[in-house]
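Residue-level structural notes
Read off the chains here:
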Amino acid sequence: MKKIIFYFWTLVLWGWAPNLFSQIDRNNSEWMDYLEDLSDKDEASEEYIENLFDDLSDIIDNPYDLQHVSKEELEKLPFLTDLQIESLLYYIYKFGPLTDIYELKNVDELDMQTIVYLLPFVYVGKMEENVSPETRFPLRGKHTFVLRDNFCLQKKSGYAQSTEEERRDHPNKYYWGDPHSLYFRYEWNGSDRIQLGITGEKDAGEPFLKAYDKKGFDFYTANLTFRKLGILEELQLGHYRLSFGQGLVMNTNFSMGKTPDAVNIGLKNQGIKRHLSTNESQYFSGAAGTFRWKNVRFSLFYSYRNSDANANDSLIYTFKTDGYHRTFNDLLKKQTVQVELFGGNIQWTENNFSAGLTAVRYSFGGKMLNPDPRPYNLFYLRGKENLNAGIYYHYRRKKWIFQGETALDQMGKMASLNHLFFQPASFVEGVFSVRHYDRQYNALYGNAFSESTAVQNETGVYTGIRMHFSRRWELSAYWDCFAFFWLKYGVNAPSSGNDVSMQLKYFCNTKVQMNLRYKYKEKYKNVNSDEKKVTEIWPYEQHRWRYQIQYLPSNTFTFKTQADYNIYRSSEENQQAWSLTQSFSCLPAKSKWQIDGGLAYFHTGNWNTKISVYEKNVLYTFGYSMYYGEGLRYYLLVKWKINKPLSIYLKCGSTHYLDRNAIGSGLEEITGKEKTDIYCLIKYNF
């Protein structure tokens, strides 16, 4: 009976899938739509999203050969679940080399939407731009040079004209630099065994080539990578990022949070990765290497770098992570603390089971971390150093996967996170997860699945499910119930909450796709009572609806219509917000031009009902607009591929407000109703 069903669906797919693939460009950008689901700032920080976007953009420039792809490489693609990765690798192992990219439709766990996301990152056969280490001298490898500039057309108050005397008397009233945000990147890929990269960046408002700042760009990052040198699997020199286990001890990469992809919550992208993005805080500086011998992988890492902080000669009050050095106060906090870190990881793998141990120690150059005492930060990390160690595990049996990690800090406080993934039928996937982070557990570089931003003071139970009713219908849903047993910032008592999400996708045909999403969150916040003259905590609710329809009238044009509707309810207010966005993409066949654009109208009550909408941007830049107030948003992005090595990107995006005569506040304030940003990027390969 199973064979009959298998052959039946194979015939159906063979009849339907070629038509689908004929409508899909292998260089599609639909994977960016997946990142849109991750870009909600309530669920993931902007810095982690930018790191992920940068990593994925780099993979597209150097896609994986499906004939030789590894598990570690596939784990870098966030839209692939553990079961999908295992199934794809098993298919390649069982049926031998793939002859065509369309064979992906025969992999049991891969649905068509996931295949569409996957296509730009992989290839079968030969790539014209691929560099063969056997036939080319390393210095003749692939070189990539990128230069970007973006700025705001309107003048912000921080750039007001002033005399030297005014700047000396009021050093924090003005930005020290010009309004241009500059970025350059050079990358050399000698082969799949050696890479070199250098990035320089200055934010708008930061000085560039001034007499008092002779180094040029405000931030530089550089990395030299060696791979596959005998038992040395990887060696990173310069700036790099780390991730092991489920992130309870160490994770400066991106980790899946609570997204509409309800069953994809585990941390897969583990190990050592180079750092070439503009994130100025989530990285290490030094050396890190991984050795592999049979079933054992062993990693060692050391870092010593200067970090921004609000500190004096002996105490550190807070670390500064935004990377801005635009005012005198910013410069006073620049690189004021020397953070030294070293540690290691060992992992053993045998068939369907693997286990690992991570240990890390870090200190602050003799200074003591001592945040100003507040009731909510009573258990925050304090001291001159800290130590974290954790054991993680992964076990698979058929359609069941159990994975997790348990960690301790130097005070013996514990954090534990465990996931159970299961697939009882081919059309159903599920996950059940339990987490408990002690209120006194501290891991400065921990970043794991949670409701709050820190791996601390949280207990929760998460359940997620994804169902394919047919090739046209897909339902994803999750429910997360969490509790905080100590105070939090803005919540002066222990509290709890619920987070629920449901998304229904409908694939009408190869040209039309729709999805409807609903998210509900209930939490607590402080409310000042004038009658009792005390601060109490009261619940509030957030309801978010989103409807999208994407349609392809031809192979040249793609249109997407999106409607958002938000509600915020509390004891003090009842606010509503809505927006309507229309975007398009034009990519004529064999053309050197690609045009993307969008137009939106939004009407929101206040910051509690803000709406964030993803919009395409220039290369290596992840962009989304934050709708707040009432107004119009429109943008146009043009890509011109002048010839094979040279491409130019231009973007103009503007927001026109209907409810105000001034935009922003403080040094970012603009007098007027319009805010316009210009982006220009040049990419050259040689």
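Scroll up to find the structure this text is about.
Residues numbered from 1 in each chain as written. Predicted model: local features only at pLDDT ≥ 70, side-chain atom pairs only at ≥ 80, totals over all residues. Heavy atoms only, no water.

**Let's talk about the overall build of the protein**
Counting its secondary structure elements, the protein contains eight helices and 34 strands. Relative to the 2.2 N^0.38 estimate, which gives 26 Å for 686 residues, the radius of gyration of the protein is 25 Å and therefore close to what a compact globule would have. Taking the principal axes of its C-alpha atoms as reference, the protein extends roughly 80 × 65 × 55 Å. Residue burial in the protein is summarised as follows: out of 686 residues, 52% are buried. (Helix = DSSP H or I, 4+ residues; strand = E, 2+ residues; numbered from the N terminus. Rg over C-alpha atoms; globule rule 2.2 N^0.38 Å. Buried < 20%, exposed > 50% of the residue type's maximum accessible area, 1.4 Å probe, protein only.)

**Let's talk about the environment of K155**
Relative to the elements of secondary structure, K155 occurs in the loop between β3 (142-152) and α7 (164-169). Linking K155 and Y220, residues 65 residues apart in sequence, is a C-alpha distance of 27 Å. Excluding anything up to four places from it in sequence, K155 contacts A160, Q161, E669 and I670. (Contact = heavy atoms within 4.5 Å.)

**Focus: the packing of aromatic side chains**
A full pass over the atoms with the stated rule returns 36 aromatic pairs. For the ring pair Y91 and F95, a centre distance of 4.7 Å and an interplane angle of 40° mean the geometry is tilted. One end of the pair, Y91, and the other, F95, are both in helix α5 (residues 82-95), four residues apart, so they sit about a helical turn from each other. Classification of Y91 by relative accessible area gives buried; the value is 10%. Through a chain of ring-to-ring contacts, three or more aromatic side chains come together here, namely Y240, F284, F319, Y362, F364 and Y445. Directly above the ring of F484 sits K488, whose terminal nitrogen or CZ lies 4.6 Å from the centroid. (Phe/Tyr/Trp six-rings, centres within 6.5 Å; stacked < 30°, edge-to-face > 60°. Lys NZ or Arg CZ within 6 Å of the ring centre and 35° of its normal.)

**Observations regarding the nonpolar core**
Counting residues in each nonpolar core, the largest one holds 40 residues, and the members touching the most others are L242, L248, M250, F301, L341, F364 and Y441. Apart from the residues within four sequence positions on either side, L248 is in contact with E405, T406, A407, A415, S416, L417, Y437, Y441, A443, G446, A448 and V455. Ranked by size, the runner-up nonpolar core spans 37 residues in total, among them L56, L77, F79 and V122. (Core = buried A, V, L, I, M, F, W, Y, C linked by side-chain atoms within 4.5 Å.)

**Comments concerning the pattern of salt bridges**
Summed over the entire model, instances satisfying the criterion amount to 32 salt bridges. Across the pair E451 and K521 runs a salt bridge, and its minimum N-O distance is 3.2 Å. Pair noted here: E451 is in the loop between β19 (428-437) and β20 (458-468) and K521 is in strand β23 (residues 512-529), with a separation of 70 residues, a long-range link. Exposure class is identical for E451 and K521. Each is buried. R633 is the salt-bridge partner of E615, the closest N and O atoms lying 2.6 Å from each other. Remark: R633 occurs in strand β30 (residues 630-641) and E615 occurs in the loop between β28 (611-614) and β29 (624-627); sequence separation between them is 18 residues. With a relative accessible area of 10%, R633 lands in the buried category. (Salt bridge = Lys/Arg side-chain N within 4 Å of Asp/Glu carboxyl O.)

**Regarding the state of the cysteines**
For the structure on display, the rule yields zero disulfides. Of all cysteine sulfurs, the one in C652 lies closest to C152, which takes part in no disulfide; the gap is 10 Å. Here C680 stays unpaired: no disulfide links it, and the sulfur of C652, its closest cysteine neighbor, is 12 Å away. (Disulfide = S-S within 2.5 Å.)

**Topic: the sheet that holds strand β12 (residues 315-319)**
Reading across the sheet, the three strands line up as β11-β12-β15 and stay open at both edges, with mixed pairing between neighbours. Each edge of the open sheet is held by one strand with a lone partner, namely β11 (309-311) and β15 (368-369). With two bridges joining them, β12 and β15 adopt parallel strand pairing. The residue of β15 that forms the bridge with I316 is L369. (Pairing = 2+ DSSP bridges.)

**Observations concerning a nonpolar patch on the surface**
On the surface, a cluster of nonpolar side chains totalling about 770 Å² of accessible area is made up of I231, F291, W293, F298, L300, I346, L357 and I391. Counting residues per element, the ones that place at least two in the nonpolar patch are β9 (284-293) and β10 (296-307). (Patch = residues over 30% accessible without salt bridge, like charges linked within 9 Å, V, L, I, M, F, W, Y side chains within 5 Å. Areas by Shrake-Rupley, 256 points an atom, 1.4 Å probe, with all protein chains shown as cover.)

**Observations concerning the side chain of T290**
Position of T290 among the secondary structure elements: in strand β9. Residues in contact with T290, not counting those within four places in the same chain, are I231, L232, E233, E234, I272, R297, F298 and S299.

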